[in-house]
Amino acid sequence: MPFYATAEANPNLAIIKYWGKRLEPPIIAPMNNSVSVTLDEQLRTRTTVLFSPKFERDKVWINGSEMRTPEELEKALPQLDAARKLAGSKLYARVVSATLTPLAGGLAGSAAGLCALAAACNEALELDLSPKDLSILCRIGSGSSCRSVYGGFAEWLAGTRADGSDSYAAQWFGEDHWKDFRTIVAIVSHEKKKVKSRAGMKQTVQTSMLYQQRLRDLPARITALKNALQERDIARMAEIAMRDSNSLHAVCLDTWPPILYLNDTSKEVIDSIHEFNADDIKAGYSFDAGPNPTIFTVEKHVPEIQKRLKEIPAIEDVIVSSVGSGPRALPDKGALMGADGTIRRWRVDNKKHDIIVEG
Ligand code: PMV
């Protein structure tokens, strides 16, 4: 066993949102099935992990800062424990992670991060996990990360078992299924979100009546989405995405005390897309637990949407992503830490979407 590996994973963005847990951490199984598209490499996360008898506890660095508080470590540690259990190992780990995703702005950063960590553990501990089992290991860190195990479009199944063993992700369509599909990610705010999704969804399940209606609506919406994706029908796909995002933010507002993730800029984006769609639906917005909009569309509409987004002053940056692939192991020259545990010099180039290891 090498006890040392590096892997990269891409974020995924939910078209049908996961919101609410039926099984709490460290298992994590959702109340509803969710569906996502995996983005390309521009917002990827790279993670190097080393398990060693020299270490007295787990240590995690993200973008150069050591995670020290229980809150900062609440996602990585259960996943490391689960990986150790699978390997029959008691060795502590050092984890060094570099991400191109702005963290905690409702932009699925934890999805790429926890998928990259699971994939690196899979290599380092020679777990040889199937995609299904890798998605279960991801889920233990961050629920939404289990969908990043696949390129293309994937569904995370809620399952019904009390041990969560039937809650895993499965691929619907591969990354080549819809070549001109695009996800436009607009960065509105680099601020960290006020209510983390973990706390927010718990509050919703406990207090929102409207949430029960959302759960009833979802099976038909998921079937309709599968048909729209199968037929590469952007009008139907985009409408479903917008309706699901609106449903999520409606239940957030119906939560007590209410949660508002959207801001004035998000509202401008919503209005602008509906205006663009006045004659026929060509694009759909979607918001996770934050104000950053993502727009689903097809390649030919990208310039017009970019133009519209640029007219909104608070939009700082726009990233246009194709449909991306699942996680991959990297050769040691891309590692962020040496095999002896020394952290290498590296930097993230957000403009070029690159992670550069310098020494
Ligand atoms: O997996 P978490 O705890 O980061 O929750 C993510 C929830 C949403 O991003 C809002 C929706 C989703 O399905 O990704």
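Asks: Please clarify how the overall build of the protein chain should be interpreted in this entry.
Replies: Along the protein chain, the regular secondary structure elements total 9 helices and 18 strands. Over its C-alpha trace the protein chain gives a radius of gyration of 20 Å, about what one expects of a compact globule, namely 21 Å for 359 residues. When its C-alpha atoms are laid out on the principal axes, the protein chain stretches across 65 × 45 × 40 Å. Across the 359 residues in the protein chain, those meeting the buried criterion constitute 57%. Within the protein chain, contacts between residues separated by at least 24 positions form 76% of all contacts whose residues are at least 6 apart in sequence. With an accessible surface of roughly 15200 Å², the protein chain has 51% of that area assigned to carbon and sulfur atoms. Counting 46 positive and 45 negative side-chain charges, the protein chain places the averaged centre of each group 3 Å from the other.

Asks: I tried to follow the sheet that holds strand β14 (residues 293-298) on my own but got confused; where do I start?
Replies: Note: strands within a sheet are paired through backbone hydrogen bonds, in either parallel or antiparallel orientation. An order of β13-β14-β12-β15 is seen for the 4 strands of this open sheet, with the pairing classed as antiparallel. Both edges of this open sheet fall to β13 (284-287) and β15 (317-321), since each of them pairs with a single strand only. Along the sheet, successive strands turn relative to each other by an average axial angle of 25 degrees, direction set aside. When strand β12 (residues 181-187) meets β15, the two strands line up antiparallel, connected through 5 bridges. Within β15, the position partnered with Ile187 by the bridge is Asp317.

Asks: Looking at this model, I keep getting lost on the nonpolar core. Mind explaining?
Replies: A general feature of soluble globular proteins is that nonpolar side chains tend to end up buried together. Trp19, Val49, Phe51, Leu80, Leu117, Cys121 and Leu137 are the most contacted members of the largest nonpolar core, which totals 47 residues. Of all the secondary structure elements, the ones that give two or more residues to this core are β1 (4-9), β6 (45-52), α2 (76-87), β9 (92-99), α3 (109-124), α4 (131-141), β10 (153-156) and α7 (234-254). Counting residues per element, this core draws most heavily on α3, at 9 residues. Setting aside residues no more than four positions away along its own chain, Leu80 makes contact with Val49, Phe51, Asp58, Ala93, Val95, Leu117 and Cys121.

Asks: I tried to follow the site of the ligand on my own but got confused; where do I start?
Replies: Taken together, the neighbourhood of the ligand is formed by 14 residues, with Tyr18, Ser110, Ser142, Ser144 and Arg147 sitting nearest. A distance of 3.2 Å separates an oxygen atom of the ligand from a polar atom in the side chain of Ser110. Ser142 places a polar side-chain atom, nitrogen or oxygen, 3.1 Å from an oxygen atom of the ligand. Taking 380 Å² as the accessible area of the ligand by itself, protein coverage stands at 95%.

Asks: Hey, could you run me through unusual backbone geometry in this one?
Replies: Note: most residues except glycine have negative phi, and most peptide bonds are trans. Omega for the peptide link from Pro25 to Pro26 comes to 5 degrees, which places this bond in the cis form. Each neighbour pair has its own omega, and for Trp256 with Pro257 the value is -5 degrees, a cis peptide bond. Mapped onto the elements, Pro257 comes out in the loop between α7 and α8 (264-276). A positive phi angle, close to 45 degrees, is found at Glu126, a residue other than glycine. Following the sequence through the fold, Glu126 ends up in the loop between α3 and α4. Although it is not a glycine, His353 sits at a positive phi angle of roughly 55 degrees.

Asks: Would you take a moment to explain the pattern of salt bridges for this structure?
Replies: A side chain of one charge can pair with a side chain of the opposite charge if their charged atoms are brought near each other. This model, assessed by the stated rule, comprises 26 salt bridges. A salt bridge links Asp81 to Arg84; the nearest nitrogen and oxygen atoms lie 2.7 Å apart. On the criterion of helical spacing, the pair formed by Asp81 and Arg84 is a turn pair, its members being 3 residues apart in helix α2. According to the relative accessible area criterion, Arg84 is buried, its value standing at 6%. The partner of Arg308 in a salt bridge is Glu304, with the nearest N and O atoms 3.0 Å apart. Here Glu304 and Arg308 lie together in helix α9 (residues 302-310), a separation of 4 residues that amounts to about one turn.

Asks: Looking at this structure, I do not really get α4. What am I missing?
Replies: Note on helix geometry: an α-helix contains 3.6 residues per turn, so any two residues three or four positions apart are oriented the same way. With 8 of 11 residues buried, α4 lies mostly within the body of the structure. Among the residues of α4, Leu134, Ser135, Ile136, Leu137, Cys138, Arg139, Ile140 and Gly141 are the ones counted as buried.

Asks: Honestly, the packing of helix α6 (residues 210-230) against α7 in this entry has me stumped. Any pointers?
Replies: A pair of packed helices can be characterised by two numbers: the angle between their axes and the separation between those axes. The N-to-C vectors of α6 and α7 enclose an angle of 165 degrees; their axes lie 10 Å apart at closest approach. In terms of axis orientation, α6 runs roughly antiparallel to α7. The hand of the α6/α7 crossing is left-handed. Here Leu210, Tyr211, Arg214, Leu218, Arg221, Ala224, Leu225, Asn227, Ala228 and Leu229 of α6 come into contact with α7, specifically with Arg236, Met237, Ile240, Arg243, Asp244, Ser247, Leu248, Ala250, Val251 and Asp254. Classifying every residue of the contact of α6 with α7 gives 12 nonpolar, 2 polar and 6 charged.

The rules we used
- Residues numbered from 1 in each chain as written.
- Predicted model: local features only at pLDDT ≥ 70, side-chain atom pairs only at ≥ 80, totals over all residues.
- Heavy atoms only, no water.
- Helix = DSSP H or I, 4+ residues; strand = E, 2+ residues; numbered from the N terminus.
- Rg over C-alpha atoms; globule rule 2.2 N^0.38 Å.
- Buried < 20%, exposed > 50% of the residue type's maximum accessible area, 1.4 Å probe, protein only.
- Contact = heavy atoms within 4.5 Å.
- Areas by Shrake-Rupley, 256 points an atom, 1.4 Å probe, with all protein chains shown as cover.
- Lys, Arg positive; Asp, Glu negative; His and termini not counted.
- Charge placed at Lys NZ, Arg CZ, Asp CG, Glu CD.
- Pairing = 2+ DSSP bridges.
- Axes fitted to C-alpha atoms, helices over the stretch in contact; angles between N-to-C directions.
- Core = buried A, V, L, I, M, F, W, Y, C linked by side-chain atoms within 4.5 Å.
- Near = heavy atom within 4 Å.
- Polar contact = N/O pair within 3.5 Å; in protein donor to acceptor, adjacent residues only side chain to side chain.
- Salt bridge = Lys/Arg side-chain N within 4 Å of Asp/Glu carboxyl O.
- Parallel < 35°, antiparallel > 145°, perpendicular 65-115°, else oblique.
- Left-handed = near helix turned anticlockwise from the far one by under 90°.
- Nonpolar A, V, L, I, M, F, W, Y, C, P; charged D, E, K, R; others polar.

Purely spatial values, then, with no claim about function.
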